[in-house]
Amino acid sequence: MTRNVFALTGAGISAESGLGTFRDTDGAWARFDPMRLATPEGFAADPVLVHEFYNHRRRDALAAAPNPAHAALARLETELAERGGRLFLCTQNIDDLHEREGSRHVVHMHGELLRARCTACGTEAVWHDDLTVETPCPHCGRSGGMRPDVVWFGEMPKHLDTIDEALAEADLFVAVGTSGAVYPAAGYVAQARAFGIPTLALNLEAADNAGMFEATRLGRASETVPAFVEEVLGERR
Ligand code: NAD
Ligand code: ZN
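What comes next concerns the included structure. Each chain carries its own residue numbering, running from 1 in the direction its sequence is written. For this description, chains carry letters from A and ligands carry numbers from 1, given in the order in which they are written. Per-residue local features of the predicted model are confined to residues with pLDDT of at least 70, and side-chain atom pairs are confined, for both listing and counting, to 80 or more; whole-chain, interface and lining totals are unaffected and use all residues. To get the side-chain values, take all heavy atoms of the structure and skip hydrogens and water.

Here the focus is the overall build of the chain. Numbered from the N terminus, helices here are DSSP runs of H or I no shorter than four residues, and strands are runs of E no shorter than two. Helix and strand content of the chain: 10 helices and nine strands. Radius of gyration: over C-alpha atoms. The globule rule applied is 2.2 Å multiplied by the number of residues raised to the 0.38 power. Computed over the C-alpha atoms, the radius of gyration of the chain is 18 Å, within 12% of the 18 Å expected from 2.2 N^0.38 for a compact globule of 237 residues. Seen through its principal axes, the chain has C-alpha atoms that stretch 55 × 35 × 35 Å. Across the 237 residues of the chain, 49% fall into the buried class. Residues count as neighbours in contact if any of their non-hydrogen atoms are within 4.5 Å of one another. Counting contacts in the chain only where the partners sit at least 6 residues apart, residues at least 24 apart contribute 66% of the total. Working definition of accessibility: Shrake-Rupley area with a 1.4 Å probe, residue cover restricted to the visible protein chains. Surface exposure of the chain reaches about 11100 Å², of which carbon and sulfur atoms provide 52%. Residues scored as charged are limited to Lys and Arg (positive) and Asp and Glu (negative), so that His and the chain ends carry no count. Lysine's charge is taken at NZ, arginine's at CZ, aspartate's at CG and glutamate's at CD. Between the averaged position of the 22 positive side-chain charges in the chain and that of its 34 negative side-chain charges there is a distance of 2 Å. Think of it in three bands: residues with accessible area under 20% of the maximum for their type are buried, residues over 50% are exposed, and the middle band is partly exposed, with areas taken using a 1.4 Å probe on protein chains only.

Moving on, we come to the pairing of strand S1 (residues 4-9). Each regular strand shows side chains that alternate between the opposite faces of the sheet. Buried residues dominate S1, accounting for five of its six residues. Any two strands between which DSSP finds at least two bridges are classified as paired. Pairing between S1 and strand S2 (residues 86-91): six bridges, direction parallel. Residue pairing in the sheet places Thr 9 in a bridge with Thr 91 of S2. Both S1 and strand S7 (residues 172-176) contribute to a ladder of five bridges, which runs parallel. Of the residues in S7, the one forming a bridge with Leu 8 is Ala 175.

Reference values for angles at a metal are 109.5 degrees in the four-donor tetrahedral case and 90 or 180 degrees in the six-donor octahedral case. Listed donor atoms are N, O and S within 2.8 Å of the metal (Na, K and Ca: 3.2 Å). As water is not included, a site may look incomplete. Bound to the zinc ion (ligand 2) on the protein side are Cys 118 (SG), Cys 121 (SG), Cys 137 (SG) and Cys 140 (SG), at distances that span 2.3 to 2.4 Å. Coordination geometry of the zinc ion (ligand 2): the four donor atoms subtend angles of 105 to 114 degrees at the metal centre, consistent with an arrangement described as tetrahedral. Motif for the zinc ion (ligand 2), donor spacing along one chain: C-x2-C-x15-C-x2-C. Taken together, the residues span a long stretch of sequence, with Cys 118 in strand S4 (residues 111-118) and Cys 140 in the loop between strand S5 (124-126) and strand S6 (146-150) at a distance of 22 residues. The rule is simple: four donors are tetrahedral if all their angles sit between 85 and 135 degrees, four are square planar and six octahedral if opposite donors span more than 155 degrees and the others lie between 65 and 115, and anything that fits none of that is irregular.

Turning our eyes to something else, we now look at the nonpolar core. What makes a nonpolar core is a set of buried Ala, Val, Leu, Ile, Met, Phe, Trp, Tyr and Cys residues whose side-chain atoms join them at distances within 4.5 Å. Core analysis: the largest hydrophobic core is formed by 22 residues, its most contacted members being Val 5, Leu 76, Val 174, Val 225, Phe 228 and Val 229. Where this core is concerned, the elements lending two or more residues are S1, helix H6 (68-82), S2, S7, strand S8 (199-203) and helix H10 (221-235). Among the elements that line this core, the one with the most residues is H10, at six residues. Excluding residues that lie within four positions of it along the chain, Val 225 makes contacts with Ala 69, Ala 72, Leu 73, Val 176 and Leu 202.

So, in structure tokens, the structure goes:
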């Protein structure tokens, strides 16, 4: 019986909410150069451009609505908890669609669009507005140092220890809408296999690391995730 589920989500779970994925041919990175937009060096070279990119993405995320895949994972969290189990929800997404659909504990390993950080004093704050090179830090007052609190290429993802602990305690690993191209997240399936737990991928197209999963179901997340949640919860009735 499944009690502790580890779910890893990626851009594909938010695709049907209208937020573009990265690697798909029409994804964000096909149109924009990640080295200019999502690295500390790119930000240093052209902060105006990088702020514009994230301001657009923040506005898009605020305007987007969660879809049935987000809802199903929120339900899974609640119902597993009622039965003494747990859903550990680890997302690579920087949008807040999981939270808005009711997920209470979401680990954002690549940071959050709706948070900003001051590179001068380290203050972090909830942030729903545009950021510019003029934006003053709410704590130290300095301008020019505010940046989105997202993880760029070359930076360390967040909460890695918590994630490793949760993987070690899980008895089922499921990955949703992620291409398996960016590490360390792409390696979690291998860790799960090493712990001997079942591994399942729910994706539109086979991921780069598809061969690592015991099972793959191809389809839209809005259909495959609710079906998966029904199965997991049905198992325990
Ligand atoms: P991705 O765009 O790489 O992959 C999206 C996945 O979702 C694909 O496997 C696709 O088949 C699937 N998908 C698309 N629509 C779907 C739907 N409706 N239902 C189910 N699945 C669907 O996104 P990712 O895996 O989240 O990317 C991981 C991380 O990579 C991101 O968090 C980002 O930080 C980072 N990134 C890397 C690069 C790079 O160029 N190296 C670029 C951008 C982002
Ligand atoms: Zn500051």
